[in-house]
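Here are the chains, one letter per residue:
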Amino acid sequence: MKAIRILMAAMAVMTGLTVFAQAPVFKDLPSGEGIEKVYISKALMQLAGSAMSTPVNGVNIPDPSKINNIEVVNVESRKYFKTVEEKLNAYVNANKLQVLLQNDDGEEVTVIYGLMSDDGKKLKELVIYNNEGDELNVVVINGEIDPQSIMSR
């Protein structure tokens, strides 16, 4: 009986961790009012299969089944910029993401964050932040990401 309780407790914890890991970063951000959010789950990525491997604007996702989720947030209302940036910074710090690229040309700021896999050959997380002054965009990708294959086509 004690073993069953321990097993059930362990399953509950693991289930909770799985749900937490797949939750959108910006789930609490309201939609509308100049905010558009898109979240694509692992299930949809697997269903999309090879259809997602077609390059769009030079970006290629060669094996969508290895992506856990993609979240895209577009904010055109400046009153939410600070909220989005605070949530993003908290996410970056909590997940120990590193800056891979940073560009500031005075009018537009782009920062790409990443977390390398244990073998150092792929990324486990990729976050792209772009602030154009009047529009803010954030893309969060979780899964097995091969940087060379993303930009190969």
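Because the structure is a prediction, the values reported are computed rather than measured.

*Asks:* An account of the nonpolar core is needed here, citing residue identities and associated values.
*Replies:* The biggest cluster of nonpolar side chains holds 20 residues, and the ones touching the most others in it are Phe-26, Val-75, Val-127 and Val-138. Contributions of two or more residues to this core are made by strand 2 (67-75), helix 3 (81-94), strand 4 (109-116), strand 5 (123-131) and strand 6 (136-145). Ranked by the residues each element gives to this core, the list is headed by helix 3, at five residues. Aside from chain neighbours lying at most four places away, what touches Val-138 is Phe-26, Glu-71, Val-72, Val-73, Val-84, Leu-88, Val-127, Ile-128 and Tyr-129.

*Asks:* Could you give me a rundown of the environment of Glu-107, with the residues and numbers involved?
*Replies:* When you line up the elements, Glu-107 lands in the loop between strand 3 (98-104) and strand 4. Once residues lying within four places of it in the same chain are set aside, the contact partners of Glu-107 are Asn-131, Glu-132 and Gly-133.

*Asks:* With reference to specific residues and values, describe helix 3.
*Replies:* Residues lying three or four places apart along an α-helix face the same way, a consequence of the helix completing one turn every 3.6 residues. With 14 residues, helix 3 should cover 20 Å at 1.5 Å per step; its first-to-last C-alpha distance of 20 Å lies within 8% of that length. Every buried residue of helix 3 is accounted for by Phe-81, Val-84, Leu-88, Tyr-91 and Val-92. Each buried residue of helix 3 lies within a common arc of 100° when the element is viewed along its axis, so the set occupies one face. Across from the buried face of helix 3, at angles greater than 90 degrees, the exposed residues are Lys-82, Asn-93 and Ala-94. After helix 3 finishes, the residue Lys-96 shows a positive phi value of roughly 55°.

*Asks:* Which residues make up the pairing of strand 4, and what values go with them?
*Replies:* Relative to strand 4, strand 3 is paired through six bridges, and the arrangement is antiparallel. From the neighbouring strand, Gln-98 faces strand 4, where its bridge partner is Gly-114. Where strand 3 hands over to strand 4, the hairpin turn is made up of four residues, of which Gly-106 adopts a positive phi near 95°. Relative to strand 5, strand 4 runs antiparallel, the two sharing eight bridges. Bridged to Val-111 within strand 5 is Tyr-129. The antiparallel pairing of strand 4 with strand 5 creates a hairpin that spans six residues between the two strands, and Gly-120 there sits at a positive phi of about 75°.

*Asks:* I'd like a rundown of the pattern of salt bridges, residues and numbers included.
*Replies:* Taken as a whole, this structure holds six salt bridges when the rule is applied. Of the charged contacts in the structure, one is a salt bridge between Lys-87 and Asp-28, with a shortest N-O distance of 4.0 Å. Of this pair, Lys-87 sits in helix 3 while Asp-28 sits in the loop between helix 1 (2-21) and strand 1 (35-40), placing them 59 residues apart in sequence. Overall, the relative accessible area of 25% leaves Lys-87 in the partly exposed class. For Asp-28, a relative accessible area of 57% gives the class exposed. The salt bridge partner of Lys-79 is Glu-33, with a shortest N-O separation of 3.1 Å.

*Asks:* I'd like to hear about unusual backbone geometry, residue by residue, with values.
*Replies:* With phi around 50°, Glu-33 is a residue other than glycine that occupies positive phi space. When you line up the elements, Glu-33 lands in the loop between helix 1 and strand 1. For Lys-96, which is not glycine, the phi dihedral falls at a positive 55°. Among the structural elements, Lys-96 can be located in the loop between helix 3 and strand 3. Classification of Lys-96 as exposed rests on a relative accessible area of 67%.

*Asks:* Hey, could you go over the sheet that holds strand 4 for me, with residue numbers and the actual values?
*Replies:* The antiparallel open sheet is built from six strands, whose spatial order is 1-2-6-5-4-3. Strands at the two margins of the open sheet, each flanked by one partner only, are strand 1 and strand 3. Shown here is a sheet whose adjacent strand axes are inclined to one another by a mean of 10°, direction ignored.

So, how was this worked out
- Residues numbered from 1 in each chain as written.
- Predicted model: local features only at pLDDT ≥ 70, side-chain atom pairs only at ≥ 80, totals over all residues.
- Heavy atoms only, no water.
- Core = buried A, V, L, I, M, F, W, Y, C linked by side-chain atoms within 4.5 Å.
- Buried < 20%, exposed > 50% of the residue type's maximum accessible area, 1.4 Å probe, protein only.
- Helix = DSSP H or I, 4+ residues; strand = E, 2+ residues; numbered from the N terminus.
- Contact = heavy atoms within 4.5 Å.
- Expected span 1.5 Å × (residues − 1).
- Arc of directions from axis to C-beta.
- Pairing = 2+ DSSP bridges.
- Salt bridge = Lys/Arg side-chain N within 4 Å of Asp/Glu carboxyl O.
- Axes fitted to C-alpha atoms, helices over the stretch in contact; angles between N-to-C directions.

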